[in-house]
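# Structure assessment
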Amino acid sequence: MVRFVSGIALVAVALAGVLLLPIVALRVLACVVAALAAREYLEIVDTPIRAVVLAVALCWVSSGLMMPAAQLLLMMALLWIAAEVLVANHSIAQATSGVFGAVYVGMPLGMLVAVQALQSWPATLLLLGTIVVSDSSQYYVGRMFGRRPLAPSISPKKTIEGAIGGFIFGTAFMVLAGARMLPFNGYVPLIVLGILVVGLGICGDLFESRLKRAAGVKDSSSLIPGHGGVLDRIDALLFAVPPFYLFVRNIS
């Protein structure tokens, strides 16, 4: 019951943010989510949590539409590594781990806001809906037909059959809904986009599972009752946003 109520609350907050908030407020909300998720990542990998500041900065810059964003982001990351190594006297491994966490969390969440700025809420809901349909299909198809494990050393419950179900239903949703929610450029681009979003979403889920298994933890935190942490809820989304953002930017 707690998990169900928490899930409904999460959906309500996400929908309210996407449908009601202006872009500036949505950028602020994305930065808050980035801070929470980055903190969880940094605690999992035992890296100084001040890199949360970099995650927020990367999220804010990525959520804008200015052209020199890539160069600015690279400069910020390099300066952060230099400060960590030369001023804080941390190892290069620690410094780069913190920067990776900031990039891993901050930039995709910023890109998600940029998607909304480029094509409004239908595009954002299309991406979120594809991830939800894919995740749900993986779970139910896996329970009904799953026989062969997908990645037994990382996530024993995931199956190849479930992943196939995720690809079929997630891509179908992207194609059918995308033809109505995005400027139509043919079905082939939407099929390719759907496969990329679903496939990278599965990779994102497995990536976070690998992080937690290496750290010996079940959830990234206990912030959300019945669901674990923020990172647990957005792991698939973080990997899936970049190709979707690039597609939307190209057609805008």
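Reading the values: rules and limits
- Residues numbered from 1 in each chain as written.
- Predicted model: local features only at pLDDT ≥ 70, side-chain atom pairs only at ≥ 80, totals over all residues.
- Heavy atoms only, no water.
- Helix = DSSP H or I, 4+ residues; strand = E, 2+ residues; numbered from the N terminus.
- Rg over C-alpha atoms; globule rule 2.2 N^0.38 Å.
- Buried < 20%, exposed > 50% of the residue type's maximum accessible area, 1.4 Å probe, protein only.
- Contact = heavy atoms within 4.5 Å.
- Areas by Shrake-Rupley, 256 points an atom, 1.4 Å probe, with all protein chains shown as cover.
- Lys, Arg positive; Asp, Glu negative; His and termini not counted.
- Charge placed at Lys NZ, Arg CZ, Asp CG, Glu CD.
- Core = buried A, V, L, I, M, F, W, Y, C linked by side-chain atoms within 4.5 Å.
- Polar contact = N/O pair within 3.5 Å; in protein donor to acceptor, adjacent residues only side chain to side chain.
- Phe/Tyr/Trp six-rings, centres within 6.5 Å; stacked < 30°, edge-to-face > 60°.
- Lys NZ or Arg CZ within 6 Å of the ring centre and 35° of its normal.
- Patch = residues over 30% accessible without salt bridge, like charges linked within 9 Å, V, L, I, M, F, W, Y side chains within 5 Å.
- Salt bridge = Lys/Arg side-chain N within 4 Å of Asp/Glu carboxyl O.
- pLDDT = per-residue confidence, 0-100.
- Axes fitted to C-alpha atoms, helices over the stretch in contact; angles between N-to-C directions.
- Parallel < 35°, antiparallel > 145°, perpendicular 65-115°, else oblique.
- Left-handed = near helix turned anticlockwise from the far one by under 90°.
- Nonpolar A, V, L, I, M, F, W, Y, C, P; charged D, E, K, R; others polar.

### Here's the deal with the overall build of the protein
For the protein, the count of helices and strands is eight helices and two strands. Start at the N end of the protein and walk to the C end: the helices and strands fall as α-α-α-α-α-β-β-α-α-α. By the compact-globule yardstick of 18 Å for 252 residues, the protein fits well, its C-alpha radius of gyration being 18 Å. Its C-alpha atoms give the protein principal-axis dimensions of roughly 55 × 40 × 35 Å. For the protein, the residues scored as buried account for 48% of the 252 residues in total. Sequence-distant contacts in the protein: of pairs separated by 6 or more residues, those separated by 24 or more amount to 71%. Of the roughly 12600 Å² of accessible surface on the protein, 72% is carried by carbon and sulfur atoms. Considering the protein, the positive charge centre built from 16 side chains and the negative charge centre built from 11 side chains are found 6 Å apart.

### With respect to the side chain of Q138
Looking at the secondary structure, you find Q138 in helix α5 (residues 92-145). Looking at Q138, the relative accessible area reads 11%, which means it is buried. In this structure Q138 touches K158, G162, A163, G166 and I202, once residues within four positions along its chain are discounted.

### Digging into the nonpolar core
Counting residues in hydrophobic clusters, the biggest one holds 58 residues, and the most contacted among them are V105, L127, L182, V197, L231 and F244. Those elements that place two or more of their residues in this core are α2 (23-44), α3 (51-62), α4 (69-86), α5, α6 (160-181), α7 (187-215) and α8 (230-251). Counting residues per element, this core draws most heavily on α5, at 15 residues. Each residue touching L231, except ones within four places of it in the same chain, is listed here: A37, E40, Y41, I44, Y104, V105, E208, S220 and L238. If you look at the next biggest cluster of nonpolar residues, it comprises five residues, including A151, A163, V198 and I202.

### Topic: the side chain of K158
Within the fold, K158 resides in strand β2 (residues 155-159). Taking relative accessible area as the criterion, K158 reaches 17% and is therefore assigned buried. A polar atom in the side chain of K158 sits 2.8 Å from the side chain of D205. Ignoring any residue separated from it by four or fewer positions in sequence, one finds K158 in contact with Q138, R148, P149, L150, A151, D205 and L206.

### Examining unusual backbone geometry
One non-glycine residue, D46, lies in the positive phi region at around 60°. Assignment of secondary structure puts D46 in the loop between α2 and α3. One non-glycine residue with positive phi stands out, namely S120, at about 65°. Among the structural elements, S120 can be located in helix α5.

### Focus: the packing of aromatic side chains
This structure, assessed with the given rule, holds nine aromatic pairs. Plain terms: the ring middles of F100 and Y104 are 5.7 Å apart, the flat faces sit at 5° to each other, and that makes the pair stacked. Within this pair, F100 and its partner Y104 are both found in helix α5, separated by four residues, close to a single helical turn. Look at Y104 and you get buried, because its relative accessible area is 5%. The lysine or arginine in question, R27, covers the ring of W60, its NZ or CZ lying 3.9 Å from the ring centre.

### Re a nonpolar patch on the surface
Taken together, the side chains of L21, V24, V28, L29, V32, L36, W60 and L223 define a hydrophobic patch exposed on the protein surface, amounting to about 650 Å² of accessible area. For the nonpolar patch, the element with the most residues is α2, which contributes five residues. By secondary structure assignment, the location of L223 is in the loop between α7 and α8.

### Looking at the confidence of the model for the protein
In this model, the protein carries an average pLDDT of 89, and 95% of its residues clear a pLDDT of 70 or more. Ranking the elements of the protein by mean pLDDT puts helix α1 (residues 2-20) last with 79 and α6 first with 96.

### Here we look at the packing of α3 against α5
Where α3 meets α5, the axes come as close as 7 Å, and the angle between the chain directions of the two elements is 30°. Relative to α5, the element α3 lies roughly parallel. As for how α3 packs across α5, the hand of that crossing is right-handed. Contacts between α3 and α5 involve A51, L54, A55, L58, C59 and S62 on the former and, on the latter, G98, V99, A102, V103, G106, M107, L109, G110, M111 and A114. Per-class residue counts for the contact of α3 with α5 are 12 nonpolar, four polar and no charged.

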